[in-house]
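Chain by chain, the residues:
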Amino acid sequence: MTQDTDLTTKGEKHKVSDQLKQQGLGLAEADGKTQVMGEIKIALKKEMKTDGEQLIVEILQCRNITYKFKSPDHLPDLYVKLYVINISTQKRMFKKKTRVCRHDREPSFNETFRFSLNPAGHSLQILLISNGGKFMRKTLIGEAYIWLDKVDLRKRIANWHKLLVSSTESQRGAAPGFNLQN
């Protein structure tokens, strides 16, 4: 069964989304109504400290951004918003933002964030956002999810992740339920 197959029963849809979760993919990829808006390279690692475990997340760079900006020669101001989410409660535990990379379609952020928590039972939500400027609204370019239970964090792992946006959200410019102002 492919991801694009029209699923007839709820049970089959949950089965496919569970399989995608096991592969470390986001639920948005199970719907088949998403667009790939680019890729983001993220490095993950877990360290043991005297005061407990630390999750280290490095936001490295983006590439192949396909969002249609105002004009073909427009160079956007992009930044990344990162949320650590508790899977069982679906609550955001931490929120971090990178600096804004001005006038760049393939920005290099090279920023490291440390979280004092056990990564088990948590996921990462990564949002790439175009900073609209003083009088324009911020625009969601794409998002990626990483289930930390599915990643071996004993050593540093750097991977490219697809930035996805649903076709309806790409027209509105924001993810459902997300306030880009925070």
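Residues numbered from 1 in each chain as written. Predicted model: local features only at pLDDT ≥ 70, side-chain atom pairs only at ≥ 80, totals over all residues. Heavy atoms only, no water.

Novice: Just to check I follow, could you spell out the packing of aromatic side chains for this structure?
Specialist: For any pair of aromatic rings, geometry is given as the distance between the ring centres together with the angle between the planes. Overall, the coordinates contain two aromatic pairs when judged by the stated rule. Seen from their ring centres, phenylalanine 94 and phenylalanine 115 are 5.3 Å apart, and the 50° between their planes marks the pair as tilted. Here the residue phenylalanine 94 occupies a position in strand S4 (residues 91-97), and phenylalanine 115 occupies one in strand S5 (residues 108-115), the gap between them amounting to 21 residues. Classification of phenylalanine 94 by relative accessible area gives partly exposed; the value is 32%. (Phe/Tyr/Trp six-rings, centres within 6.5 Å; stacked < 30°, edge-to-face > 60°. Helix = DSSP H or I, 4+ residues; strand = E, 2+ residues; numbered from the N terminus. Buried < 20%, exposed > 50% of the residue type's maximum accessible area, 1.4 Å probe, protein only.)

Novice: Any chance you could explain the nonpolar core here in plain terms?
Specialist: Nonpolar side chains tend toward joint burial in soluble globular proteins. In terms of nonpolar packing, the biggest core is built from 36 residues, with Val57, Leu124 and Leu128 touching the most fellow members. Of all the secondary structure elements, the ones that give two or more residues to this core are strand S1 (34-49), strand S2 (52-63), strand S3 (78-86), S5, strand S6 (122-130), strand S7 (139-147) and strand S8 (157-166). Ranked by the residues each element gives to this core, the list is headed by S3, at seven residues. Setting aside residues up to four positions removed in sequence, valine 57 forms contacts with Ile42, Ala43, Leu44, Leu82, Glu111, Thr112, Phe113, Phe115 and Leu124. (Core = buried A, V, L, I, M, F, W, Y, C linked by side-chain atoms within 4.5 Å. Contact = heavy atoms within 4.5 Å.)

Novice: Sorry, what's going on with the pattern of salt bridges here?
Specialist: A pair can form between side chains of opposite charge whenever their charged atoms are brought close. Enumeration according to the criterion identifies nine salt bridges in this entry. The shortest N-O distance in the salt bridge between arginine 63 and glutamate 39 comes to 2.7 Å. On the criterion of sequence distance, the pair formed by arginine 63 in strand S2 and glutamate 39 in strand S1 is long-range, its members being 24 residues apart. Of the charged contacts, one joins glutamate 58 and arginine 156 as a salt bridge, the two residues approaching to 2.8 Å between their closest N and O atoms. Of this pair, glutamate 58 sits in strand S2 while arginine 156 sits in the loop between S7 and S8, and the two are 98 residues apart along the sequence. Judged by its relative accessible area of 44%, arginine 156 is partly exposed. (Salt bridge = Lys/Arg side-chain N within 4 Å of Asp/Glu carboxyl O.)

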